[in-house]
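Tertiary structure, described
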Amino acid sequence: MLQKNQFLSAIPALTIAMAMTSVAYGSTIAKTASAAPPAAATASVMSVAAATPSVTSSGIPTVVQNSCMACHGLQGVAADGGMFPNLAGQWKPYILRQLDHYKTHTRADPQSSIMWGMVAPLTSAQIQQVAAYFSSQKPASGHVYDPKLVAEGKKLYFGGLPKAHMPACMACHGATLAGLPPFFPMLAGQKRTYVINQLTYFKSGQRVATHKGIMQYVASRLNQKQITALAAYIRSR
Ligand code: HEC
Ligand code: HEC
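Bear in mind the structure is a predicted one, so any value in this text is a computation, not a measurement. (Residues numbered from 1 in each chain as written. Chains lettered and ligands numbered in written order. Predicted model: local features only at pLDDT ≥ 70, side-chain atom pairs only at ≥ 80, totals over all residues.)

**Remarks on the overall build of the chain**
Within the chain, the secondary structure is distributed over twelve helices and zero strands. Walking the chain from its N terminus toward its C terminus, one meets helices and strands in the order α-α-α-α-α-α-α-α-α-α-α-α. In the chain, which comprises 237 residues, the proportion classed as buried is 39%. (Helix = DSSP H or I, 4+ residues; strand = E, 2+ residues; numbered from the N terminus. Buried ≥ 20, exposed ≤ 12 C-beta atoms within 10 Å, placed from the backbone.)

**Comments concerning the site of ligand 2**
In the region of ligand 2, 23 residues are neighbours, and Pro167, Cys169, Cys172, Ala209 and Thr210 sit closest. Broken down by secondary-structure element, the contributors of at least two residues to the shell around ligand 2 are α9 (170–173), α10 (192–204) and α11 (214–220). A per-class count over the shell around ligand 2 returns 18 nonpolar, four polar and one charged. (Near = placed C-beta within 6 Å. Nonpolar A, V, L, I, M, F, W, Y, C, P; charged D, E, K, R; others polar.)

**Structural notes on the site of ligand 1**
Taken together, 23 residues are adjacent to ligand 1, and Cys68, Cys71, Gln111, Ser112 and Met118 come closest. Going through the elements one at a time, α4 (62–72), α5 (92–103) and α6 (112–119) are the ones with two or more residues in the shell around ligand 1. With six residues, α4 is the largest single contributor of residues to the shell around ligand 1. Counted by class, the shell around ligand 1 contains 15 nonpolar, six polar and two charged residues.

**Digging into α5**
Here α5 is twelve residues long and its end C-alpha atoms lie 16 Å apart, about the 16 Å a rise of 1.5 Å per residue gives. Taken together, the buried positions of α5 are occupied by Lys92, Tyr94, Ile95, Leu96, Gln98, Leu99, His101 and Tyr102. Downstream of α5 by a residue or two, histidine 105 has a phi angle that is positive, lying close to 60°. (Expected span 1.5 Å × (residues − 1).)

**Side note on the packing of α4 against helix α7 (residues 124–135)**
α7 packs onto α4 with a crossing angle of 80° between their chain directions and a minimal axis gap of 10 Å. As the angle between them shows, α4 and α7 are arranged roughly perpendicular. Judged by residue contacts, Val63, Val64 and Cys68 of α4 engage Gln126, Val130 and Tyr133 from α7. Here the residues of the contact of α4 with α7 are counted per class, giving five nonpolar, one polar and no charged. (Axes fitted to C-alpha atoms, helices over the stretch in contact; angles between N-to-C directions. Parallel < 35°, antiparallel > 145°, perpendicular 65-115°, else oblique. Contact = placed C-beta atoms within 7 Å.)

**Some thoughts on the confidence of the model for the chain**
A residue-level look at the chain finds 78% of positions with pLDDT of 70 or above and a mean pLDDT of 84. Within the model, pLDDT remains below 50 along residues 1–50, and this stretch shows 68 contacts once partners closer than five positions in the same chain are excluded. (pLDDT = per-residue confidence, 0-100.)

**Some points on helix α8 (residues 147–159)**
Its 13 residues give α8 an end-to-end C-alpha distance of 18 Å, which sits within 8% of 18 Å, the value for a rise of 1.5 Å per residue. Considered for burial, the residues of α8 that qualify are Leu149, Val150, Gly153, Leu156 and Tyr157. Angularly, the buried residues of α8 cover 125° about the axis, an arc narrow enough to put them on a single face. α8 presents Pro147 and Lys148 as exposed residues on the side facing more than 90 degrees away from its buried surface. Two residues or fewer past α8, glycine 160 is found with a positive phi of approximately 65°. (Arc of directions from axis to C-beta.)

**What about the environment of serine 135?**
Topologically, serine 135 is positioned in helix α7. Given 27 C-beta atoms within a 10 Å radius, serine 135 is considered buried. Sequence spacing of serine 135 and glycine 89 is 46 residues, and the spatial spacing of their C-alpha atoms is 4.3 Å.

**As for unusual backbone geometry**
For the peptide bond that leads from proline 181 to proline 182, omega is 5°, which places it in the cis range. Positive phi is not limited to glycine here, since histidine 105 has a value of about 60°. The class for histidine 105 is partly exposed, based on 13 C-beta atoms found within 10 Å. Unusually for a residue other than glycine, leucine 177 sits at a positive phi of about 65°. Along the chain, leucine 177 turns up in the loop between α9 and α10. Owing to 23 C-beta atoms within 10 Å, leucine 177 belongs among the buried residues under this scheme.

Laid out in structure tokens, this is it:
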């Protein structure tokens, strides 16, 4: 991890993010920790129980079976080789934020309009329901497609690019790539095409991140080869 001072001077926006996150950065969260929703998430799900929308006979939200499943998989693990992201085990606050950003068209990268249409008909109770469902699914397992690229990506992930003032990804997304709620998404096992697309959209400014500037800043330091290597490493975990 980079020195805190070096890090903060590189990205002022992070000061806010760090101040709002009371959890210590050094602590590593096991990837599987996200399989069990935190108590707070469970409580908030219970509080909307009265308005809870329908589930299938196997307990899966009907909207997941009728809609989300086609692209994200029934358990939130998308098909390999495609452009659709995994959602399984992702932190609930992050999923909720993205769904809100699709609903309000705040997330307006070149593929986002697919999701604008998916979220538009959902009630807020259904949004809570699908976010709770996907965040409680078992995260995708890693796969190594190209060991050399994976090694390059790993170096960048943990070391950053000090000369280009790019902080290590690890500082925010964690040593196990599990992320840190509420702000930092889990990356472990995410699909390569999706990761390449998102880093490219951050770099071009087409995807505006929640904490303005953080990911645009990071991605602006990366070339296409480094983006591909990082995507290979992320997929391998
Ligand atoms: C027709 C395919 C399709 C369907 C159906 C679909 N999605 Fe998506 N979803 C996508 C694509 C493509 C993206 C990436 C869009 C982008 O780049 O902004 C995405 C992105 C997302 C993201 C953001 C993931 C991240 O890591 O930031 C969430 C959350 C999500 N979808 C939830 C859902 C939910 C919930 C449903 C069901 C109500 C659903 N999706 C249905 C194609 C689909
Ligand atoms: C200073 C903190 C910080 C650092 C360092 C950082 N990220 Fe992020 N990253 C974030 C935040 C915050 C988000 C969520 C943005 C949002 O909510 O729109 C994010 C989102 C992402 C996403 C999109 C995830 C998704 O599911 O759509 C990817 C991919 C990503 N980061 C990769 C990286 C990589 C690779 C590095 C290192 C080169 C890195 N990040 C470094 C804070 C950081």
